[in-house]
Amino acid sequence: MADSAGLQFVSAFAFEAMQKVDVVRLAALSDPELRLLLPCLVRMALCAPADQSQSWAQDKKLILRLLSGVEAVNSIVALLSVDFHALEQDARKEQQLRHKVGGSNGESILVSQLQHGLTLEFEHSDPLRRLRLTLGELLVIMNKVADSNGEFFLKSSELFESPVYLEEVADVLCILQAELPSLLPIVDVAEALLHVRNGDWFLCLLVANVPDSFNEVCRGLIKNGERQDEESLGGRRRTEALRQLCHMNPSQALNIRAMAVEECHLPGLGVALTLDYKPDAADEAVSPLVSYVSGLLLGTNSKVRTWFSMFIRNGQQRKRESSSVLWQMRRQLLLELVAILPRSRGTHMSTDGEEGGAGYSGLREEHVVKASALLRLYCALMGIAGLRPTDEESEQLLQLMTSRPPATPAGVRFVSLSFCKLLAFPTLVSTPEQEQLMVMWLSWMIKEEEYFESAAGVSASFGEMLLLVAMYFHSNQLSSIIELVCSTLGMKIAIKPSSLSKMKTIFTQEIFTEQVVTAHAVRVAVTNNLSANITGFLPIHCIYQLLRSRAFTKHKVSIKDWIYRQLCETTTPMHTQLIPLIDAYINSILTPASKANPEATNQPITELEILTVFQSAAWPGDGVRGGRQRYSITTQLLILYYILSYEENLLASTKQLALMQKKPKSYSAALMDQIPIKYLVTQAQGLQQELGGLHSALLRLLATNYPHLSQVEDWVCEEEVTGTLPLLQKMMLPSNTCRYTQSQLHQAFQKLPSSSPRLMRVLEHLTLLSPGDLIPYAEALTASMALLLEPAVPRRILQTLNKLWMGLNSVMPRRLWVMTVNALQPSAKLLRQQRYTQNDLMVDPLIVLRCDQSVYRCPPLMDIVLHMLNGYLLASKAYLHCHLKETADFDRQNQTVSSLGVPGQPETPEVTREELKNALLAAQDSAAVQILLEVCLPTSEEQLLGADTESLLKSIRGSVPGKMKQGSLVSRGGGGVEDAEPEGGLLSDLREVQCLICCLLHQMFIADPNIAKLVHFQIFAIQLLSYLCTQYALPKSLSVARLAISVMGTLLTVLTHAKRYSFFMPTLPCLVAFCQAFPPLYDEVTALLVQVGQVCASDVATKARDIDPLIARLQNLKEKPQGALVQGASSKLTLPQRTAEELGGADIDVQLCYCVEATFMDIISSTLHRL
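Given the structure is predicted, the values throughout are model-derived calculations rather than measurements.

Enquirer: What is the right way to read the overall build of the protein from this model?
Expert: A tally of regular secondary structure across the protein gives 66 helices and zero strands. The 1171 residues of the protein split such that 52% are buried. A separation threshold of at least 6 residues defines the contact pool for the protein, and within that pool the share at least 24 residues apart is 75%. Only carbon and sulfur atoms are counted for the fraction: they give 54% of the accessible area of the protein, which is about 53200 Å².

Written out as structure tokens, the structure reads:
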């Protein structure tokens, strides 16, 4: 508002004195300054105060004394003597009249007909008429503002423009607003004053005389303001008025700026207030203007960012004006930029390693942070707000970007920002001289990178970014460069890939050839203690991109050592780039860079290097107590992931590798045996949050390659070891509890059975330890297992040992299994010192069952044996699968090559190997099932005690076969022989072992129903199947039952006379359960029974005895089965009951015929019962 430029505004000193009513300060004001505040001071002196204190009475006397010498006070006193109530009523009547006549300028109630202009009338009028004249003119303007619908207008008013009467009009205006606040709200008055000349001056005087209304007036003006104030005259006048108000009250300037940002109105006001702002303590690092504009453009509020960006774009469309707030801002930013530029610049490169270099003045250390902030601000202005820099701005920006900062963390950050700004805005380099300057600066970056990293003490330096960009340029990944630039600058900028063509040429042809990139990358130091907490672009990013582009193999640069060192320098939380790095490295080992050069691959990590990592974790219970581990758990898990993933990818790539006649080396089984895989995976389970996706990746690899280490039963058992209850038990363990050594445990085992109480105490103590702490005792526990087979060993010791073994199984299963198998060998084998290895047991899992025969009647140890057997059967499948994949493709390729040119040579079927493998696995499973079934049969000694298979099945009738708690079967006896069985005898142990075996067989049959077809069915197997069918009437059970009936029919034709009797007498009653579970089997069962009866009847017919009635009944059942079913009940009732003595004295064929008849009757009876 240039029209009020010559007027005197209220100073900040005077306004603060009015705010605080500081009479001493008011007395210090000059007469012109005091004249502007007279309306408020006069009212203050004349009106009755609310404050009746003595101090205010003294202040009021000082104010009266201050006003006593001012002549203008009398006119203000006269204004205050008017009847304001009548004046307000007239004003409201006039407002109503104007609304009725449509706002026309007709007769006025406030002002009668004017003889002269407003100025002359104001001069010749008394105080009341002056008030009426001013009020009438003000109401006219306010009404017009209300009817303008936001369109700005400038009202020409003689009263508000006459320089002679401005002070008198201001007095009247202040008195009117103070006395008629309801008629003249101060916010509406302030809005009206913007539409008259000198409005900002009137507004400042009005607010100065009502200082409490400052924030209210400013907020009202901002809310009613324009979104873009520089676009219109009204916006510029509003901005200037608010700017003058903030000059009067500078302490509130930042609050007013925040109001503008909150409302997204008047962007020029915010910039202007920032330019006017003079902080008490100047921040040498970043100026207020840089902070404010950066906050708007780089903040999280997209609405504010768009609003201010529009201000920048719109401001550039107008001609350059020195009064424009935008150009003032740009000029100030340029001045700040020039102020921090080096005073002198050299034109030659620094050849020494010292900071700066000869003849060159670098960026001063105190200016580095400010320079970085300015660079980011200009990036935001150009990339987000669309600022088009002038030639001067471009030149100075390039000078700043190519300056050389000191070797500090802030200096490293500045260089990274400068480099990314060059990539984001390559148009800043337009002349050959500027291009040469940029190339020199980039060359300096390459030369000084190592010194900067060591001197600054940072892990992420700009050298990694240079390498990464160079790699992206070589692989033409321009979108990745754009992402890198935006990430480093911390803002999303629209960069066209075509704009990077010049930079690509410079990088790929002048500075960073691909060979230079790979050679330099290997020399870059690894990041110490790499974790997710280290942000920025690190060497690992560069190596990863080079691995993906196959640059190392293409130029024959070995990267193995660098990757190994980096994996050894990792910690939690795990960096997200490590797993992709390992995957890319494995791919570069197995897959050549090109078919023309199959040898162009990287070298794998050696077994010695791998063993070095696991030395401290080979068996953690030994190493942890020895001191701190040399390598972190993250390193060990990553190396484990590398090995497992390498082996899996090697198997998956065998076909392609065979075609190229290339066979990478696989890691030996001896190496895998020394790695505590299960222990490490267990540790990873508790660190899932810090390891990202590593734990799930390891589980996937285990399930594929080591299924015996990822059994569901093991995970369930681990809950019993690591759950809440065991944890509470360990917490209750006192710290000063006696610690037992391995030798003490060994001695307690050796003195059994006399040392049973002491051994029990030691074992109970060991149950309170964690599985990891149990590892040192593993050898002592397993080596003494054979001593527990003695008959006098308490059952509780066996159960406790089983519990400890299961705990150890959760951390070291493979080593534990080998030790256990060797410990449970028969005593004759132990004398020969035959020691099995892990490989032996995977090749032949049945070795597990070659244990001491006493184990078969020791349920706790048998449980361990069955667990190992199941694991080794799974391990054998994985082993044979891997062995087949490793050799099949290469052997087939060799056969193809050797058979070339040999006519008539038969071609080996591709499925032969797979069929042989499946046959071997099926033979293993069926043999294991067969052996276990034989174990379930009672021995001759047990038969003398009355144990048989029939009693077993009758005792468990109605119960689901499953893994029962050890010792539970001892108290769950049936009748007969069991009632006479002493507790802990052979019969109870046999039954428990049979239940454990049944549980395992049931799981095996469910997992692979084809196993049942391969098992040579015996009596117990058919009896067991009959009870399983009644419990699980599933389609798979139906197929197995049908197979059993078929096998019985086949055996009928091949068994001898004596074996036929011993086989069918116990198995024929099982057909009743088959029919109950699966009615569709009635026909097959009936045919089998009739066939058995006919065979037996034929044998009887050759003898002298006569059993024609029996044969007639069998013939009748064959010819009229339906009639037999109807008469089944009566037949059953009339069937003569024969004693065991009578049957025992009869012929075996006759007994078998009676058994067939009884089976028929049972089937008929069960059918009628169900109906």
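So much for the structure itself; the text now carries on.
Enquirer: How do you make sense of the pattern of salt bridges when you look at a structure like this?
Expert: Under the definition given, this model contains 27 salt bridges. With its nearest N and O atoms 2.5 Å apart, the salt bridge here joins Asp171 to Arg35. With Asp171 in helix H11 (residues 166–179) and Arg35 in helix H3 (residues 31–35), the pair connects residues that are 136 residues apart, well separated along the chain. For Arg35, a relative accessible area of 13% puts it in the buried group. For Arg814, the salt bridge goes to Asp673, with nearest N and O atoms at 3.8 Å. One end of the pair, Arg814, is in helix H48 (residues 813–823); the other, Asp673, is in helix H37 (residues 669–673), with 141 residues separating them in the sequence.

Enquirer: Quick question: what am I supposed to make of the packing of aromatic side chains here?
Expert: Inspection of the entire model under this criterion finds eleven aromatic pairs. Ring centres of Trp201 and Phe202 lie 5.2 Å apart, and the angle between their planes is 75 degrees; this geometry places the pair in the edge-to-face category. Each member of the pair, Trp201 as well as Phe202, is classed as buried. The cationic tip of Lys144 hangs over the ring face of Phe153; the distance from NZ or CZ to the ring centre is 4.8 Å.

Enquirer: Is there a simple way to explain the packing of helix H57 (residues 1019–1031) against helix H60 (residues 1070–1077) in this structure?
Expert: Angle between the axes and distance between the axes are the two parameters that describe a pair of packed helices. For the pair H57 and H60, interaxial distance at closest approach is 9 Å and the crossing angle is 25 degrees. In terms of orientation, H57 and H60 fall into the roughly parallel class. Classified by chirality, the crossing of H60 by H57 is left-handed. Contact residues: Ile1022, Gln1023, Leu1025, Ser1026, Cys1029 and Thr1030 in H57; Cys1070, Ala1073, Phe1074 and Ala1077 in H60.

Enquirer: Got a minute to help me understand unusual backbone geometry in this structure?
Expert: Excluding glycine, a negative phi dihedral is what most residues carry, and trans is how most peptide bonds are arranged. Between Thr572 and Pro573 the backbone carries a cis peptide bond, its omega angle lying at -5 degrees. Within the fold, Pro573 resides in the loop between helix H31 (560–568) and helix H32 (578–590). Positive phi is not limited to glycine here, since Val21 has a value of about 50 degrees. By relative accessible area, which is 31% here, Val21 ends up partly exposed.

Enquirer: Would you mind showing me how to read the side chain of Asn602 here?
Expert: Locating Asn602 in the fold gives a position in the loop between H32 and helix H33 (607–614). On the basis of relative accessible area, Asn602 is assigned to the buried category, the value being 5%. Dropping the residues within four chain positions of it, Asn602 is found in contact with Leu547, Phe552, Thr553, Val557, Ile559, Tyr585, Ser588 and Ile589.

Enquirer: I'm lost on the state of the cysteines in this one. Help?
Expert: Simply put, disulfide is the name for a covalent bond between the sulfur atoms of two cysteines. For the structure shown, the criterion picks out zero disulfides. Cys218 provides the cysteine sulfur closest to Cys246, a residue in no disulfide bond, and the two sulfurs are 5.5 Å apart.

Enquirer: Can you help me understand the packing of helix H13 (residues 199–209) against helix H15 (residues 233–248) in this one?
Expert: Relative to each other, H13 and H15 sit at 35 degrees, their axes nearing to 9 Å. Relative to H15, H13 is oriented so that their crossing is right-handed. Two secondary-structure elements touch here, H13 through Gly199, Asp200, Leu203, Cys204, Val207 and Ala208 and H15 through Arg237, Glu240, Ala241, Gln244, Leu245 and Met248. Considering only residue class, the contact of H13 with H15 consists of seven nonpolar, two polar and three charged.

Enquirer: Before we go on, may I ask you to explain the side chain of Gln177 in this structure?
Expert: Assignment of secondary structure puts Gln177 in helix H11. One polar contact links the side chain of Gln177 to the main-chain carbonyl oxygen of Leu184, over a distance of 3.3 Å. Once residues within four sequence positions are removed from consideration, Gln177 is found in contact with Leu184, Pro185, Ile186, Val189, Leu206 and Val210.

Enquirer: Got a minute to help me understand helix H17 (residues 267–276) in this structure?
Expert: Given 3.6 residues to a turn, an α-helix orients residues that are three or four positions apart in the same direction. Most of H17 sits inside the fold, with nine of its ten residues counted as buried. For H17, the set of buried residues is Pro267, Gly268, Leu269, Gly270, Val271, Ala272, Leu273, Thr274 and Leu275. Check the buried side of H17 and you find it contacts helix H14 (214–223), H15, helix H16 (253–263), helix H18 (288–298), helix H19 (302–317) and helix H20 (325–340).

Enquirer: What is the right way to read helix H5 (residues 54–67) from this model?
Expert: In this model, H5 (14 residues) spans 20 Å end to end at C-alpha, consistent with the 20 Å of a helix rising 1.5 Å per residue. Listed as buried for H5 are Trp56, Lys60, Ile63 and Leu67. Buried residues of H5 fall within an arc of 60 degrees about the axis and therefore sit on the same side. The outward face of H5, more than 90 degrees from its buried face, is lined by the exposed residues Gln54 and Arg65.

Enquirer: Any chance you could explain the environment of Pro127 here in plain terms?
Expert: By the element assignment, Pro127 lies in helix H9 (residues 127–146). According to the relative accessible area criterion, Pro127 is partly exposed, its value standing at 29%. Spatially, the C-alpha atom of Pro127 lies 8.7 Å from that of Val172, the residues being 45 residues apart in sequence. If we ignore the near neighbours within four places in the chain, the residues touching Pro127 are Ala78, Leu79 and Val82.

Enquirer: For this particular structure, what's the right way to read the environment of Ala1033?
Expert: When you line up the elements, Ala1033 lands in the loop between H57 and helix H58 (1035–1054). A sequence separation of 41 residues divides Ala1033 from Phe1074, and the C-alpha atoms of the two residues are 9.6 Å apart. Those residues in contact with Ala1033 that lie beyond four places of it in its chain are Ala1077 and Phe1078.

Enquirer: Is there a simple way to explain the confidence of the model for the protein in this structure?
Expert: Any residue range with low pLDDT should be treated as having predicted coordinates unsuitable for detailed reading. Looking at the protein as a whole, its pLDDT mean stands at 78, while 80% of the residues score no less than 70. Of all helices and strands in the protein, the one with the weakest mean pLDDT is helix H64 (residues 1128–1134) (41), whereas H14 scores best (93). Low pLDDT, under 50, characterises residues 617–628; the predicted model gives this stretch 20 contacts beyond four residues in sequence or across chains. Low pLDDT (under 50) marks residues 951–986, which in the prediction has 60 contacts with non-local residues, meaning those over four places away or in another chain.

Enquirer: Would you explain the environment of Leu245 in this entry?
Expert: Residue placement: Leu245 occurs in helix H15. Relative accessible area serves as the criterion here: at 0%, Leu245 is assigned to the buried category. The residues touching Leu245, leaving out its near neighbours within four places in the chain, are Leu203, Cys204, Val207, Phe214, Val217, Cys218 and Leu221.

Cut-offs applied
- Residues numbered from 1 in each chain as written.
- Predicted model: local features only at pLDDT ≥ 70, side-chain atom pairs only at ≥ 80, totals over all residues.
- Heavy atoms only, no water.
- Helix = DSSP H or I, 4+ residues; strand = E, 2+ residues; numbered from the N terminus.
- Buried < 20%, exposed > 50% of the residue type's maximum accessible area, 1.4 Å probe, protein only.
- Contact = heavy atoms within 4.5 Å.
- Areas by Shrake-Rupley, 256 points an atom, 1.4 Å probe, with all protein chains shown as cover.
- Salt bridge = Lys/Arg side-chain N within 4 Å of Asp/Glu carboxyl O.
- Phe/Tyr/Trp six-rings, centres within 6.5 Å; stacked < 30°, edge-to-face > 60°.
- Lys NZ or Arg CZ within 6 Å of the ring centre and 35° of its normal.
- Axes fitted to C-alpha atoms, helices over the stretch in contact; angles between N-to-C directions.
- Parallel < 35°, antiparallel > 145°, perpendicular 65-115°, else oblique.
- Left-handed = near helix turned anticlockwise from the far one by under 90°.
- Disulfide = S-S within 2.5 Å.
- Nonpolar A, V, L, I, M, F, W, Y, C, P; charged D, E, K, R; others polar.
- Polar contact = N/O pair within 3.5 Å; in protein donor to acceptor, adjacent residues only side chain to side chain.
- Expected span 1.5 Å × (residues − 1).
- Arc of directions from axis to C-beta.
- pLDDT = per-residue confidence, 0-100.

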